[in-house]
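If you want the building blocks of each chain, they are given just below.
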Amino acid sequence: MNKKELRNKYLKMRKNLQYEEVEKKSKNIIQKLMDTAWYRQSNTIMSYIDFRNEVITRSFIKHALKDNKRIIVPITDMSSKILILSELKDFDNELCQSSYGILEPKKEYVRVVSCNLLDLVLVPGLAFDTSGYRIGYGGGYYDRLLQRLPQKTITIGLAFEFQIVGNIPVESFDRKVDFIITEERIIRHEH
Ligand SMILES: Nc1ncnc2c1ncn2[C@@H]1O[C@H](COP(=O)(O)OP(=O)(O)OP(=O)(O)O)[C@@H](O)[C@H]1O
Ligand SMILES: [Mg+2]
């Protein structure tokens, strides 16, 4: 299957998930994440805010803020196809839905930070293979972000086990994540 076919297949599969299942598996994934040294040792963490049936990160973000982590969330800049990084301080009061339905910081709460600050980045995806390659929505947003991160930044894909596939077609601009966490396991690569 090519990327487009894989994207459609996994979009459809994810759409058919029951909310209870998404919630239960997400809790398990987030627990695994929070038990890692990668989490404990990170000061500044970028996390996507879950959209549709992505692995739920909302409670993680709130918890991490209470843990005194600096939390950075992405703002999708459609014109440049770049993710703008913004520090979030209060999950309940600083966000609103963008025109695409994704929660993003309201204008007055946009606090742009450099990607050089990031210790850990949580990456969403429709499908991943075990070497860390991924398929997203097809804009190349995360490929561009992963490319500009410093060497020290740890990148972790969050996915449900059914989203782990044998082989993903790779193009020259595709970037891998270092690790993938599913409800069943942590898939590790050399950093
Ligand atoms: N580093 C880059 N610089 C410029 N263009 C890029 C870069 N990375 C990807 N692109 C462009 O983005 C487009 C989409 O890439 P791809 O199909 O891999 O998306 P994706 O990885 O599924 O999306 P996303 O990262 O948004 O989840 C490609 O046509 C490619 O030309
Ligand atoms: Mg890609």
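Check the entry above for the structure.
Attention in this report is confined to the structure presented alongside it.

1. A closer look at the environment of Asn167
The residue Asn167 is located in the loop between strand 10 (164-165) and strand 11 (179-181) in this model. Among the residues examined, Asn167 registers a relative accessible area of 63% and is labelled exposed. When the C-alpha atoms of Asn167 and Ile84 are compared, they prove to be 30 Å apart, with 83 residues separating the residues in sequence.

2. Examining the pattern of salt bridges
According to the stated counting rule, one finds ten salt bridges in the structure shown. Across the salt bridge formed by Asp119 and Lys152, the nearest N and O atoms sit 3.8 Å from each other. With Asp119 in the loop between strand 5 (103-105) and strand 6 (120-123) and Lys152 in the loop between helix 6 (141-148) and strand 9 (154-158), this residue pair connects regions lying 33 residues apart in the sequence. Connected through shared salt-bridge partners, Lys3, Glu171 and Asp174 make up one network.

3. Considerations on the site of ligand 1
By nearness alone, 16 residues border ligand 1, and Lys3, Arg134, Gly136, Tyr141 and Gln147 come closest of all. Compared with its free state, where it exposes 650 Å², ligand 1 has 74% of that area covered by protein. At the level of secondary structure, the elements contributing two or more residues to the shell around ligand 1 comprise helix 1 (3-15), strand 8 (134-135) and helix 6. The dominant element in the shell around ligand 1, judged by the number of residues it contributes, is helix 6, at five residues. Class assignment for the residues of the shell around ligand 1 results in five nonpolar, five polar and six charged.

4. What about unusual backbone geometry?
Of note in the backbone geometry, Arg52 takes a positive phi value of approximately 50° without being a glycine. Assignment of secondary structure puts Arg52 in the loop between strand 1 (44-47) and helix 4 (58-66). The phi dihedral of Lys81 is positive, around 55°, even though this residue is not glycine. One can find Lys81 in the loop between strand 2 (70-77) and strand 3 (82-88).

5. Focus on the sheet that holds strand 8
Pairing is mixed in the open sheet, where three strands are placed in the order 8-7-10. Both outer strands of the open sheet, strand 8 and strand 10, are each paired with one neighbouring strand and no more. Examined bridge by bridge, strand 7 (residues 127-129) and strand 10 share two bridges and lie parallel to one another. Looking at the pairing, Phe128 lines up with Ile164 of strand 10.

6. Brief notes about the coordination of the magnesium ion (ligand 2)
Listed as protein donors to the magnesium ion (ligand 2) are Asp143 (OD) and Asp174 (OD); their distances from the metal cover 2.0 to 2.1 Å. Here Asp174 lies in the loop between strand 10 and strand 11 and Asp143 lies in helix 6, a separation of 31 residues in the sequence. Each of the two residues, Asp143 as well as Asp174, counts as buried.

7. What to know about the nonpolar core
In this structure, Met46, Phe60, Ile156 and Leu158 are the most contacted members of the largest nonpolar core, which totals 51 residues. Residues contacting Ile156, with those up to four places away along its chain left out, are Leu33, Trp38, Leu120, Val121, Leu122, Val123, Phe179 and Ile181. Within the second largest apolar cluster, eight residues are counted, among which are Tyr10, Leu126, Tyr133 and Ile168.

8. A short note on the environment of Pro105
Within the secondary structure, Pro105 is located in strand 5. Exposure remark for Pro105: the relative accessible area of 10% places this residue in the buried category. For the pair Pro105 and Pro169, spaced 64 residues apart in sequence, the C-alpha separation works out to 34 Å. Once you skip the residues sitting within four places of it in the chain, Pro105 turns out to touch Val73, Ile75, Ser86, Glu94, Leu95 and Val110.

What counts, and at which threshold
Residues numbered from 1 in each chain as written. Chains lettered and ligands numbered in written order. Predicted model: local features only at pLDDT ≥ 70, side-chain atom pairs only at ≥ 80, totals over all residues. Heavy atoms only, no water. Helix = DSSP H or I, 4+ residues; strand = E, 2+ residues; numbered from the N terminus. Buried < 20%, exposed > 50% of the residue type's maximum accessible area, 1.4 Å probe, protein only. Salt bridge = Lys/Arg side-chain N within 4 Å of Asp/Glu carboxyl O. Near = heavy atom within 4 Å. Areas by Shrake-Rupley, 256 points an atom, 1.4 Å probe, with all protein chains shown as cover. Nonpolar A, V, L, I, M, F, W, Y, C, P; charged D, E, K, R; others polar. Pairing = 2+ DSSP bridges. Donors = N, O, S within 2.8 Å, 3.2 Å for Na, K, Ca; no water. Core = buried A, V, L, I, M, F, W, Y, C linked by side-chain atoms within 4.5 Å. Contact = heavy atoms within 4.5 Å.

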